[in-house]
Every structure is written in structure tokens, then in C-alpha cells.
Amino acid sequence: MADLAPSAVPPGHSAVAHRVHGWCALCDARGYAKETMAWRVRENRREDAARALADAPPNTGVEIQLIVNTPSGPVDLGTHRFARVPDEGARRG
Ligand SMILES: [Zn+2]
């Protein structure tokens, strides 16, 4: 994930899109349709990962593929295993 200082974002560009995707609609004439698609893909992946984790039995893990969008395209960070642990109330019984 790009980690640009606010001053590194060109004037008029979306700071949040640069922080999350590494680019925005105004970069290289990508356009709002591409940026909207990038947000939808990101949110769908987040939703899928959250559901997989929520549905996993406690103390078991799920494997989630992490992909980040960069100005030169998506970068696959590989598959990582995450585990859902019981919350404090569930541990107390
Ligand atoms: Zn931009």
C-alpha cells in the first residue's frame, strides 16, 4: 500500500485514494470509473475476508490473499493466515 505524505499528493488529487490505492482518478487520466472499480474491488475483498474470518470457528484460521493496488498495478503480497480469537466475554464464559 502506498504511504504518501499528504504533501506528496498532487494538488487536487484524492489523498485517501493515493493512500489506499497509490493513485487516484486524476493520475495519468485513469478516470473516475477506474477509481470507482478499485474501491469496489477493495471493499468486496474486505467483505469476503471479514465474512470468512467471522465464520471461522474460534482459534482456527483462514487464509486470506492480500493484494494492494499500486500506480503500476496490483501487487500480490501472498496468502496470509489469520485467526479469530474469542472476545473477552466469551472467554469468561
Ligand atoms: Zn492522483
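Residues numbered from 1 in each chain as written. Predicted model: local features only at pLDDT ≥ 70, side-chain atom pairs only at ≥ 80, totals over all residues.

Regarding the overall build of the protein chain
Inference 1: The number of helices and strands found in the protein chain is three helices and two strands.
Inference 2: Walking the protein chain from its N terminus toward its C terminus, one meets helices and strands in the order α-α-β-β-α.
Inference 3: Put simply, the protein chain has 93 residues, and 8% of those count as buried.
Inference 4: In the protein chain, once contacts between residues fewer than 6 apart in sequence are set aside, the share between residues at least 24 apart is 24%. (Helix = DSSP H or I, 4+ residues; strand = E, 2+ residues; numbered from the N terminus. Buried ≥ 20, exposed ≤ 12 C-beta atoms within 10 Å, placed from the backbone. Contact = placed C-beta atoms within 7 Å.)

Observations concerning the confidence of the model for the protein chain
Inference 1: Confidence in the prediction for the protein chain averages 81 pLDDT; 83% of positions are at 70 or higher.
Inference 2: Of all secondary-structure elements in the protein chain, the lowest mean pLDDT belongs to helix H3 (residues 88–92), at 58, while helix H1 (residues 15–21) reaches the highest, 92. (pLDDT = per-residue confidence, 0-100.)

Thoughts on unusual backbone geometry
Negative phi is the rule for most residues except glycine; trans is the rule for most peptide bonds.
Inference 1: Phi is positive for aspartate 28, which is not a glycine, with a value near 50°.
Inference 2: Within the element layout of this structure, aspartate 28 appears in the loop between H1 and helix H2 (32–55).
Inference 3: The backbone phi angle of alanine 29 is positive, close to 55°, even though this residue is not glycine.
Inference 4: Structurally, the position occupied by alanine 29 is in the loop between H1 and H2.
Inference 5: On the basis of neighbour count, alanine 29 is assigned to the exposed category, with 7 C-beta atoms found within 10 Å.

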